[in-house]
Amino acid sequence: MNFNRIVCFDLEMCCWNDGRESRTGEIIEIGVAELDLTSGEIVRRAQHFVKPEHDEVSPFCTELTGIKPDVIEKNGKPLGEILRSIEQKFGGRHKIYAAWGRDDLILRHECKEKGLKVPFTEYLNLATIFRLQRHVNNKRCGQRAAMTMTGIEWEGRQHSGYDDAYNLARLAKTLFLSEQK
């Protein structure tokens, strides 16, 4: 296990706001940013669009995430192919993976449904780690509020897996490297 690197990831899923249930809430984007805990640098980033098998990108989902159906159609790949690529490029089972909240459960569920292997064994819920800090009074804060509390300005578009993962790696740096400030 490489304890010098944390691979932060963020998922975006199909979503609806027109009163109907989404068919699956399948993953449509995985953003990844790798933090080197030795140097404090974000050393690698990736954005992967996932082609859903049983759902589609709604107009609401496009408004929320910025992901258009034609982008998924043109650039999307099957989830299994993307997970193999992430495992190959980011180290998979030899790295610690982290997200804000329980994205691990979402990914594990979809992997189980599709008969796929989860690309990691070690997982950190950075929301829980952040909320355990003594100075945090609002235990229900989201990632953007946590960044504001930490004095980090948000970069990019919220609900973009690519930007959310990058910002999470920036926040993780403050959680694990505070003595280097």
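Just so it is clear, the structure is predicted and the values come from calculations on it, not from any experiment.

A. Representation of the packing of aromatic side chains. Here the structure, examined in full by the defined rule, presents six aromatic pairs. Aromatic side chains Phe-9 and Phe-120 sit 5.7 Å apart centroid to centroid with 40 degrees between the ring planes, which places their arrangement in the tilted category. Placement of Phe-9 in strand S1 (residues 2-13) and of Phe-120 in the loop between helix H4 (103-114) and strand S5 (122-125) is noted, with a sequence separation of 111 residues between them. Phe-120 matches Phe-9 in its accessibility class, with the two residues each being buried. Every member of this aromatic cluster is reached through a ring pair, and the members are Phe-9, Tyr-97, Phe-120 and Tyr-123. The lysine or arginine in question, Arg-44, covers the ring of Phe-90, its NZ or CZ lying 5.4 Å from the ring centre.

B. Representation of the packing of helix H6 (residues 143-150) against helix H7 (residues 161-176). Viewed as axis vectors pointing N to C, H6 and H7 meet at an angle of 40 degrees, and their least axial separation amounts to 10 Å. Taken together, the axes of H6 and H7 lie oblique to each other. Crossing handedness for the pair H6 and H7: left-handed. Residues Gln-143, Ala-146, Met-147 and Thr-150 of H6 form the contact with H7, whose participating residues are Asp-164, Asn-167, Leu-168, Arg-170, Leu-171 and Thr-174.

C. Region of interest: the layout of surface pockets. Of the volumes computed, that of the largest pocket is approximately 220 Å³. Lining the largest pocket are 13 residues, and of these Asp-10, Leu-11, Glu-12, His-159 and Asp-164 sit closest to its centre. Per-element accounting of the lining of the largest pocket gives the leading share, four residues, to S1. Across the lining of the largest pocket, the residue classes break down as six nonpolar, three polar and four charged.

D. Quick peek at the sheet that holds strand S3 (residues 42-49). With respect to topology, five strands assemble into an open sheet ordered S3-S2-S1-S4-S5, the strand pairing being mixed. The open sheet is flanked by S3 and S5, the only strands paired with a single partner. Between one strand and the next, the sheet's axes are offset by a mean angle of 25 degrees, whatever the strand orientation. The pairing of S1 with strand S2 (residues 27-36) spans nine bridges and is classified as antiparallel. Residue Val-7 lies in a different strand from S2, and its bridge partner there is Glu-34. Along the sheet face, H4 touches S1, S2, strand S4 (95-99) and S5 and points at about 70 degrees away from the line of S1.

E. Region of interest: the side chain of Glu-34. Tracing the backbone shows Glu-34 in strand S2. Judged by its relative accessible area of 0%, Glu-34 is buried. Of the polar contacts made by the side chain of Glu-34, one reaches the side chain of Lys-95; its length is 2.8 Å. Not counting residues within four places of it along the chain, the set of residues in contact with Glu-34 comprises Arg-5, Ile-6, Val-7, Glu-41, Ile-42, Val-43, Arg-44, Phe-90 and Lys-95.

F. The pairing of S2, seen in detail. Counting buried positions over the 10 residues of S2 gives 10, a clear majority of the element. In this structure, S2 lies alongside S3, joined through seven bridges in antiparallel fashion. Across the sheet, Glu-29 pairs through a bridge with Phe-49, a residue of S3. Counted between consecutive antiparallel strands, the loop separating S2 from S3 contains five residues, among which Gly-40 sits at a positive phi close to 80 degrees.

Definitions and limits used
- Residues numbered from 1 in each chain as written.
- Predicted model: local features only at pLDDT ≥ 70, side-chain atom pairs only at ≥ 80, totals over all residues.
- Heavy atoms only, no water.
- Phe/Tyr/Trp six-rings, centres within 6.5 Å; stacked < 30°, edge-to-face > 60°.
- Helix = DSSP H or I, 4+ residues; strand = E, 2+ residues; numbered from the N terminus.
- Buried < 20%, exposed > 50% of the residue type's maximum accessible area, 1.4 Å probe, protein only.
- Lys NZ or Arg CZ within 6 Å of the ring centre and 35° of its normal.
- Axes fitted to C-alpha atoms, helices over the stretch in contact; angles between N-to-C directions.
- Parallel < 35°, antiparallel > 145°, perpendicular 65-115°, else oblique.
- Left-handed = near helix turned anticlockwise from the far one by under 90°.
- Contact = heavy atoms within 4.5 Å.
- 1 Å grid on protein atoms, 1.4 Å probe; cavity = no way out; pocket = protein on both sides within 12 Å on 5 of 7 lines; lining within 4 Å.
- Points joined across faces, edges and corners; volume = space filled by probe spheres on them.
- Nonpolar A, V, L, I, M, F, W, Y, C, P; charged D, E, K, R; others polar.
- Pairing = 2+ DSSP bridges.
- Polar contact = N/O pair within 3.5 Å; in protein donor to acceptor, adjacent residues only side chain to side chain.

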